[in-house]
Amino acid sequence: MFDRLRAQFSNLYDRVARTELKGKDLDNVLDEFQLSLIENDVAVSAADFISNELREKLKDVQFARFTDPRTRVKVILQEVLLSLLQRAGQLDIFALIEKKKSIGEPAVLVFIGINGTGKTTSIAKLAHILQKKGRTVILAASDTYRSGSIEQLEEHARRIGVRVIKHQYGADPAAVAFDAVNYAKAHRINAVLVDTAGRMQNNKNLLEEMRKIVRVTNPDLTILVVDALTGNDAVEQGKVFSEAVKIDGIILAKLDADVKGGSAISLSYIMGKPVTMVGTGQKYDDLEPFQAEAIVRNLIG
Ligand SMILES: Nc1nc2c(ncn2[C@@H]2O[C@H](COP(=O)(O)OP(=O)(O)OP(=O)(O)O)[C@@H](O)[C@H]2O)c(=O)[nH]1
Ligand SMILES: [Mg+2]
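The rules behind each value
Residues numbered from 1 in each chain as written. Chains lettered and ligands numbered in written order. Predicted model: local features only at pLDDT ≥ 70, side-chain atom pairs only at ≥ 80, totals over all residues. Heavy atoms only, no water. Near = heavy atom within 4 Å. Polar contact = N/O pair within 3.5 Å; in protein donor to acceptor, adjacent residues only side chain to side chain. Areas by Shrake-Rupley, 256 points an atom, 1.4 Å probe, with all protein chains shown as cover. Helix = DSSP H or I, 4+ residues; strand = E, 2+ residues; numbered from the N terminus. Nonpolar A, V, L, I, M, F, W, Y, C, P; charged D, E, K, R; others polar. Core = buried A, V, L, I, M, F, W, Y, C linked by side-chain atoms within 4.5 Å. Buried < 20%, exposed > 50% of the residue type's maximum accessible area, 1.4 Å probe, protein only. Domains from an automatic or database assignment. Contact = heavy atoms within 4.5 Å. Pairing = 2+ DSSP bridges. Right-handed = clockwise from strand over helix to strand, strands pointing away.

Comments concerning the site of ligand 1
Phase 1 of the analysis: Taken together, the neighbourhood of ligand 1 is formed by 18 residues, with Lys119, Thr120, Thr121, Asp256 and Gln282 sitting nearest.
Phase 2 of the analysis: At 2.7 Å, a side-chain N or O of Thr120 approaches an oxygen atom of ligand 1.
Phase 3 of the analysis: Separating an oxygen atom of ligand 1 from a side-chain N or O atom of Lys125 is a distance of 3.2 Å.
Phase 4 of the analysis: Look at ligand 1: alone it shows 650 Å² of surface, and the protein chains cover 81% of it.
Phase 5 of the analysis: A total of four residues in the shell around ligand 1 trace back to one element, the largest contributor, which is helix H6 (residues 119–132).
Phase 6 of the analysis: Grouping the amino acids of the shell around ligand 1 by side-chain chemistry returns no nonpolar, 12 polar and six charged.

Structure (structure tokens):
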């Protein structure tokens, strides 16, 4: 995770430590740094933000002879990255579920995203974690589109020990989700996780169907699942989806497989929505809250 970005950061400390922190010299260092961010999947506007903030903050810094400039630059970069990551606020799925529980209602979460990003796996992981916390969960098999999708969800559910509400393939996904919500209300289940079909951002019918699921279930949260390996394209996907429905937060899956790390840094900034959790592997426990401080610490080294 983040190997490439971390190397670029380290390179920045070295260069700044050797450079006079003003004028053309600093500009050159920062321009190159900005390019290296973009090469590592940091979206252009997020890379702009980082280098502009750094320029402002570094400009007036006088490094006393006895302080270590590397350390000083690290601290400044740390501040800049934190403000980037925290800009879109925070979303705590577990807190939301507790809040709904306290008023005796199920929390309804709809998961959307393009094909293969990790929706179904993330749902299974979240269900598993909720169960471990003593909360009750059901899954709605609202991907009635891709062959094998219902069996895939059922297999996860069997292993975790939760119930699936399903119809036939080809059935209306909104109706499946609606049934699941009613079941949860009747049985006082704490959370309904709605699995939906992957859809490309240019498929009008499927986007319309997604809107219907959201309209019918009126979810507490609509979560966009994004594959960290998609890099900057993730931003485009996010835009199209958020034009169709209101997105509340993002799960960034497959972060374990992402050596660049740029999407983790820029996605929430660009979309204006918080990354709430990250997928860090293929096991049921491999879903972790997105903690800006921990990520920044990991990046800064
Ligand atoms: N390494 C890794 N693999 C993951 C992670 N999350 C999901 N995967 C893998 O990604 C593949 C696709 O995951 P799915 O959960 O089926 O994706 P989906 O979005 O439901 O796919 P569709 O239903 O076809 O749209 C599977 O092989 C998962 O095991 C993760 O955090 N890390
Ligand atoms: Mg799926």
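Now that the structure has been shown, the text picks up again.
Considering the nonpolar core
Phase 1 of the analysis: If you look at the biggest cluster of nonpolar residues, it comprises 71 residues, and the most contacted ones within it are Phe9, Leu12, Ile50, Leu54, Leu77, Leu81 and Leu252.
Phase 2 of the analysis: By residue number, the principal contributor to this core is helix H4 (residues 69–86), which donates seven residues.
Phase 3 of the analysis: Composition of this core by domain shows at least three residues from each of domain 1 (3–86) and domain 2 (93–290).
Phase 4 of the analysis: Residues contacting Leu12, with those up to four places away along its chain left out, are Val29, Leu30, Phe33, Leu54, Val73 and Leu77.

Quick look at the pairing of strand E2 (residues 137–142)
Moving residue by residue along a regular strand, the side chains alternate between the two faces of the sheet.
Phase 1 of the analysis: Along E2, six of the six residues are buried, which leaves the element largely enclosed by surrounding structure.
Phase 2 of the analysis: By the alternation rule, side chains of E2 split into Val137, Leu139 and Ala141 and Ile138, Ala140 and Ser142, which are all buried.
Phase 3 of the analysis: Where E2 lies against strand E4 (residues 191–196), six bridges are found, and the strand directions are parallel. When the bridges of E4 are listed, Ala141 appears paired with Asp195.
Phase 4 of the analysis: Where E2 meets strand E3 (residues 163–165), three bridges bridge the pair, whose relative direction is parallel. From the neighbouring strand, Ile138 faces E3, where its bridge partner is Arg163.

Some words on the pairing of strand E5 (residues 221–227)
Phase 1 of the analysis: For E5, the tally of buried residues reaches seven of seven residues, placing the bulk of the element in the interior.
Phase 2 of the analysis: On E5, burial covers both faces: Leu221, Ile223, Val225 and Asp227 on one face and Thr222, Leu224 and Val226 on the other are all buried.
Phase 3 of the analysis: Following the chain from E5 across helix H10 (residues 233–244) to the adjacent parallel strand E6 (residues 249–253), one finds a crossover that is right-handed.

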